[in-house]
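Coordinates in review
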Amino acid sequence: MVQASDLNGLWNGQFSYFASEDIGHWPFKARLVGKEGRLSGVVIEPHVNGTGEVKADLEGTFEGSKVSFVKRYQSTSDEYARAVSYEGQVSADGKTIAGTWTHSDSSGPFEMMLGK
């Protein structure tokens, strides 16, 4: 059984939008720290306007194979004002997390893989 501490490390991921499949996949990197059913970390992804990167803090829980976390951007710009909720499942080997993200009226799938 996968423990929260097994999720520690650098993860490479991508998310997309259900309503706008033509946007494609949006890459991100996440550094997760898991301990006693809690998750925290930092996410880095390309800025929506294509100039640089944005960072977000991540806080959540891990129970069984279910992962829930909220991503709050560190940016003060309007396009990053809302928190994003993630719900997913950890694979049996603990190397993949897949599920759905949501915020306001948008949502879509995400997947992340434990890096080396």
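Digging into the overall build of the protein
In terms of helices and strands, the protein carries 0 helices and 8 strands. For the protein, the sequential pattern of α-helices and β-strands runs β-β-β-β-β-β-β-β. Relative to a compact globule of 116 residues, whose C-alpha radius of gyration would be 13 Å, the protein shows 14 Å and is just as compact. The C-alpha extent of the protein, read off along each of the three principal axes, is 40 × 25 × 25 Å. Across the 116 residues in the protein, those meeting the buried criterion constitute 34%. In the protein, the share of contacts with a sequence separation of at least 24, taken over all contacts with a separation of at least 6, comes to 36%. Surface exposure of the protein reaches about 6800 Å², of which carbon and sulfur atoms provide 50%. Each charge sign in the protein was given a centre, from 11 positive and 15 negative side chains, and these centres are 7 Å apart.

Some remarks on the side chain of Glu45
Topologically, Glu45 is positioned in strand 3 (residues 38–46). A polar contact of 2.8 Å, which involves the side chain of Glu45, links it to the side chain of Tyr73. Apart from residues lying up to four places away in sequence, Glu45 is in contact with Phe15, Trp26, Pro27, Phe28, Glu53, Val54, Lys71, Tyr73 and Tyr80.

Here we look at unusual backbone geometry
Negative phi is the rule for most residues except glycine; trans is the rule for most peptide bonds. If you check the backbone angles, Glu36 has positive phi at about 50° while not being a glycine. With respect to the helices and strands, Glu36 occurs in the loop between strand 2 (26–35) and strand 3. Phi at Ser104 takes a positive value of approximately 45°, unusual for a residue other than glycine.

Thoughts on the environment of Met112
The topology assignment puts Met112 in strand 8 (residues 106–114). Under the relative-accessibility criterion, Met112 is labelled buried at 0%. The spatial distance from the C-alpha of Met112 to the C-alpha of Leu32 is 11 Å, given a sequence separation of 80 residues. Excluding its chain neighbours within four sequence positions, the residues that come into contact with Met112 are Trp11, Asn12, Gly13, Phe28, Ala30, Leu32, Phe69, Lys95, Thr96 and Ile97.

Details of the nonpolar core
Residues Leu7, Phe62, Val67, Ile97 and Met112 are the most contacted members of the largest nonpolar core, which totals 25 residues. Sorting the residues of this core by element identifies strand 1 (9–15), strand 2, strand 3, strand 4 (53–63), strand 5 (66–73), strand 6 (84–90), strand 7 (96–103) and strand 8 as the ones contributing at least two each. No other element matches the 4 residues that strand 4 contributes to this core. When residues no more than four places from it in sequence are discounted, the contact partners of Leu7 are Val2, Leu32, Leu39, Phe62, Val67, Val90 and Gly94.

Let's talk about the pattern of salt bridges
Under the criterion given, the structure shown has 2 salt bridges. Across the pair Lys71 and Glu45 runs a salt bridge whose closest N-O atoms are separated by 2.9 Å. Separated by 26 residues along the polypeptide, Lys71 in strand 5 and Glu45 in strand 3 bring together distant segments of the chain. Of the two residues examined, Lys71 and Glu45, each falls in the buried class.

Rules used in this analysis
- Residues numbered from 1 in each chain as written.
- Predicted model: local features only at pLDDT ≥ 70, side-chain atom pairs only at ≥ 80, totals over all residues.
- Heavy atoms only, no water.
- Helix = DSSP H or I, 4+ residues; strand = E, 2+ residues; numbered from the N terminus.
- Rg over C-alpha atoms; globule rule 2.2 N^0.38 Å.
- Buried < 20%, exposed > 50% of the residue type's maximum accessible area, 1.4 Å probe, protein only.
- Contact = heavy atoms within 4.5 Å.
- Areas by Shrake-Rupley, 256 points an atom, 1.4 Å probe, with all protein chains shown as cover.
- Lys, Arg positive; Asp, Glu negative; His and termini not counted.
- Charge placed at Lys NZ, Arg CZ, Asp CG, Glu CD.
- Polar contact = N/O pair within 3.5 Å; in protein donor to acceptor, adjacent residues only side chain to side chain.
- Core = buried A, V, L, I, M, F, W, Y, C linked by side-chain atoms within 4.5 Å.
- Salt bridge = Lys/Arg side-chain N within 4 Å of Asp/Glu carboxyl O.

The analysis is restricted to geometry; functional conclusions fall outside its scope.
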